[in-house]
Amino acid sequence: MDTYAVRPACVQPKAGQGGKEHNRLRFGMASLDLDNEEFIKKFHIPDHIFEPDSGVERLAFEPKCPVLVFVNSRSGGQLGGELLITYQSILNEKQVIDLGKESPDSVLTKVFLNLKTLKNNGDEIAAVIEKKLRIIVAGGDGTAGWLLGVVSDLKLSQPPPVATVPLGTGNNLPFAFGWGKKNPGTDRLAVLSFLDQVLNAKEMKIDSWHILMRMKSKAGECDPVAPLDFLPHSLHKFSRVSPTDELNLEGSDTYRGGFWNYFSMGMDAQVSYAFHSERKLHPEKFKNQLSNQTTYATLAGSQGWFFASLFHPSSENIANLCKVSIKKGHEYAWETLHIPHSIRSIVCLNLPSFSGGLNPWGTPNNKTRDRGLTPPFVDDGLIEVVGFKDAWHGMVLLAPNGHGTRLAQAHRIKFEFKKGAADHTYMRIDGEPWKQPLPLDDTVVVEISHLHQVKMLATHDCRSKSRHDPSSHTSHDVDEKDSDDEESAGEEWKKFGAAHTFKIPDEVDITHLS
């Protein structure tokens, strides 16, 4: 390999950011030892990767862990902005992208096109960066899901694995992969410590899930209703459907999207809808994670979630609202799933983290395994289906080995809402809720199916487990026929969402992402 001249990427820390005694206590001397050029250059990406016409920048070293950092500068109150500044002070500023100014699909498309051109011109450092590149995304679960959707849709030959920094309220994605659920420190030593964790992280694959919603309605009367204007970023109206689609009916409206962590319906989504509405009406009340969580608990009480049997009619129970069917694999037939009449909330869960780190599925014992239910894996092509009666039932999750009502594990699941059962319900995907009107004279169908996988970065002691983990006694073969046979699949099944079809519109303020 050619020898490249050194251009240090690091600069001196901002006044007040370095050398504080509490940082020494918090991170120890090991983190202090990270604040040097030898460590920082492991993450460096040179200017010419972003601007090929600027001339090849020759380095005397090969970056061991080149990173692109995407920061939602409006997440976490002021924390997002502070984190952006700290990363820019440590790395090449071009490596650190403010999602308030640039979208991840445009940045990644440009970077990977540049890498391909430079490789074809014999630039060996470009080949190294493409092979070793890792992504850091700082924001809430909505921001992380946006970026994961982009990576999924771009179908890169060497898709980079993603690490998530918890800047939201729930932070289920970061927590599931060992990155914590509390908002992080934003000073120089905290960021260097996180970079060190990224350097030593393991790669894990994670399933993504596609949601297709179909209904007949007049003049959009059953269009999803977002809390004050904005639907989840990956849920969009879709007009092109394939002729083979069995739900492709005359006069039907179609919405599609995707999620990484969960889809939920019922009272938990209703509380989330109230929370998001309040936050958008009064953003000044939601300045930090603790106040957000306190407000959420208060809304759960005011919505009657703790005494659901007294405050909510039985017509809102899941069994009265809809028929639920599942397929356990591609070769299996649809079968009706029995839902107990006491269940008022249903969660389709991909990761072992829900509502700020709770694990609704838990770890099944031998008796449960006799029902064909297994421990959850994030890459097995199965989604865990869990039911809850009320908030008290949910609080069981706080106890050791606590769990919700385990209903099924499925490769596909379908909800067919009964005519006239109710005039609306509430749904949410990955923390982003909406109110779903239901027609009185027809049905709404919601179908969830396994789509693709992307690579995540995880700490070695993270909660999420892979079916390839030798410590796991049970494993499954992922049934990928549905998702991989793209030649026969309809257009509505091909993309996860955030890039192209589901790109966040320019007029949408990303503050509304969690």
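Note: the structure precedes this text.
None of the values given here were measured: they were computed from a predicted structure.

**Q** Lay out the overall build of the protein with the relevant residues and their values.
**A** Secondary structure summary: the protein contains 15 helices and 17 strands in total. Put simply, 80% of the contacts in the protein that link residues at least 6 apart link residues at least 24 apart. Summing over all exposed atoms, the protein offers an accessible surface of approximately 21700 Å²; the carbon and sulfur share of this is 50%.

**Q** Lay out the environment of V347 in plain terms, naming residues and giving numbers.
**A** Along the polypeptide, V347 turns up in strand β11 (residues 345-349). For V347, a relative accessible area of 0% translates into the label buried. Distance from V347 to A269, taken between C-alpha atoms, is 9.7 Å for residues 78 residues apart in sequence. Setting aside anything within four residues of it in sequence, one finds V347 in contact with Y262, F263, S264, F354, E384, V385, V386 and F388.

**Q** A description of the pairing of strand β12 (residues 383-388) should follow, citing residues and the corresponding values.
**A** β12 sits mainly inside the fold: six of its six residues count as buried. Covered by surrounding structure in β12 are I383, V385 and G387 together with E384, V386 and F388, the residues of both alternating faces. As defined by bridge partners, β11 adjoins β12 across five bridges and the pair is classed as antiparallel. The partner of I346 across the bridge, within β12, is G387.

**Q** Outline the side chain of N350, supporting the account with residue identities and numerical values.
**A** Following the sequence through the fold, N350 ends up in the loop between β11 and α13 (366-369). Polar side-chain contacts of N350 include one of 3.0 Å to the backbone oxygen of D207. For N350, the side chain forms a polar contact with the main-chain oxygen of W260, separated by 2.7 Å. Apart from the residues lying within four places of it in its own chain, the contact partners of N350 are I206, D207, W209, W260, N261, F377, V378, L382, I383 and E384.

**Q** Break down the pairing of strand β9 (residues 322-327) for me, citing the residues and quoting the values.
**A** Burial analysis of β9 places five of its six residues in the buried class, which makes it a mostly covered element. Looking at chain direction, β9 and strand β14 (residues 412-417) are connected through six bridges and run antiparallel. If you follow I326 over to β14, its bridge partner there is I413.

**Q** Requested: an account of the packing of aromatic side chains, with residues and values cited.
**A** Aromatic rings considered in pairs are described by the distance between their centres and by the relative angle of their planes. One pass over the full model with this rule turns up four aromatic pairs. Ring geometry for F39 and F43: centres 5.1 Å apart, planes at 70 degrees, overall edge-to-face. Take F43: its relative accessible area is 0%, and that puts it in the buried class. With centroids separated by 4.8 Å and ring planes inclined at 80 degrees, the aromatic side chains of Y262 and F354 adopt a geometry described as edge-to-face. Remark: F354 occurs in the loop between β11 and α13 and Y262 occurs in strand β8 (residues 262-266); sequence separation between them is 92 residues. The two residues Y262 and F354 agree in class, both being buried.

**Q** Talk me through unusual backbone geometry; I want residue IDs and the actual numbers.
**A** The phi dihedral of K155 falls on the positive side, at around 50 degrees, and the residue is not glycine. Turning to its location among the elements, K155 is positioned in the loop between α6 (141-154) and β4 (162-166).

**Q** Give me the state of the cysteines: which residues, what numbers.
**A** By definition, a disulfide is the covalent link that joins the sulfur atoms of two cysteine residues. Summed over the entire model, instances satisfying the criterion amount to zero disulfides. C348 provides the cysteine sulfur closest to C322, a residue in no disulfide bond, and the two sulfurs are 10.0 Å apart. What makes C322 buried here is its relative accessible area of 3%.

**Q** Requested: an account of the sheet that holds β11, with residues and values cited.
**A** Each strand in a sheet pairs with another by means of backbone hydrogen bonds, the pair being arranged parallel or else antiparallel. Read across the sheet, six strands follow the order β13-β12-β11-β8-β15-β16 without closing on themselves; strand pairing throughout is antiparallel. Looking at the sheet topology across the chains shown, the edges are occupied by β13 (405-410) and β16 (432-437). Between one strand axis and the next, the sheet turns through 20 degrees on average, direction left out of account.

**Q** Could you give me a rundown of the environment of F259, with the residues and numbers involved?
**A** Here F259 is to be found in strand β7 (residues 252-259). The spacing of F259 and R428 is 169 residues in sequence and 9.9 Å in space, taken between C-alpha atoms.

**Q** Before we move on, could you go through the packing of helix α4 (residues 104-120) against helix α5 (residues 124-132) and cite the residues and values that matter?
**A** Axis angle and axis distance: for two packed helices, these are the angle between their axes and the distance between the axes, and together they describe the pair. For the pair α4 and α5, interaxial distance at closest approach is 8 Å and the crossing angle is 140 degrees. Our classification of the angle between α4 and α5 gives oblique. Once α4 is placed against α5, the crossing between them reads as left-handed. Here F112, L115, L118 and K119 of α4 come into contact with α5, specifically with A126, A127, I129 and E130. Looking at the contact of α4 with α5 residue by residue, the class counts come to six nonpolar, no polar and two charged.

**Q** Explain the packing of α4 against α6 residue by residue, including any values.
**A** Close contact between α4 and α6 brings their axes to 9 Å; oriented N to C, the two are set at 40 degrees. Classified by the interaxial angle, the pair formed by α4 and α6 is oblique. Our pair here, α4 against α6, has a crossing hand that is right-handed. Contacts between α4 and α6 involve P104, D105, L108 and T109 from the former and W146, L147, V150, V151 and L154 from the latter. Of the residues that constitute the contact of α4 with α6, the class distribution is seven nonpolar, one polar and one charged.

Calculation criteria
Residues numbered from 1 in each chain as written. Predicted model: local features only at pLDDT ≥ 70, side-chain atom pairs only at ≥ 80, totals over all residues. Heavy atoms only, no water. Helix = DSSP H or I, 4+ residues; strand = E, 2+ residues; numbered from the N terminus. Contact = heavy atoms within 4.5 Å. Areas by Shrake-Rupley, 256 points an atom, 1.4 Å probe, with all protein chains shown as cover. Buried < 20%, exposed > 50% of the residue type's maximum accessible area, 1.4 Å probe, protein only. Pairing = 2+ DSSP bridges. Polar contact = N/O pair within 3.5 Å; in protein donor to acceptor, adjacent residues only side chain to side chain. Phe/Tyr/Trp six-rings, centres within 6.5 Å; stacked < 30°, edge-to-face > 60°. Disulfide = S-S within 2.5 Å. Axes fitted to C-alpha atoms, helices over the stretch in contact; angles between N-to-C directions. Parallel < 35°, antiparallel > 145°, perpendicular 65-115°, else oblique. Left-handed = near helix turned anticlockwise from the far one by under 90°. Nonpolar A, V, L, I, M, F, W, Y, C, P; charged D, E, K, R; others polar.

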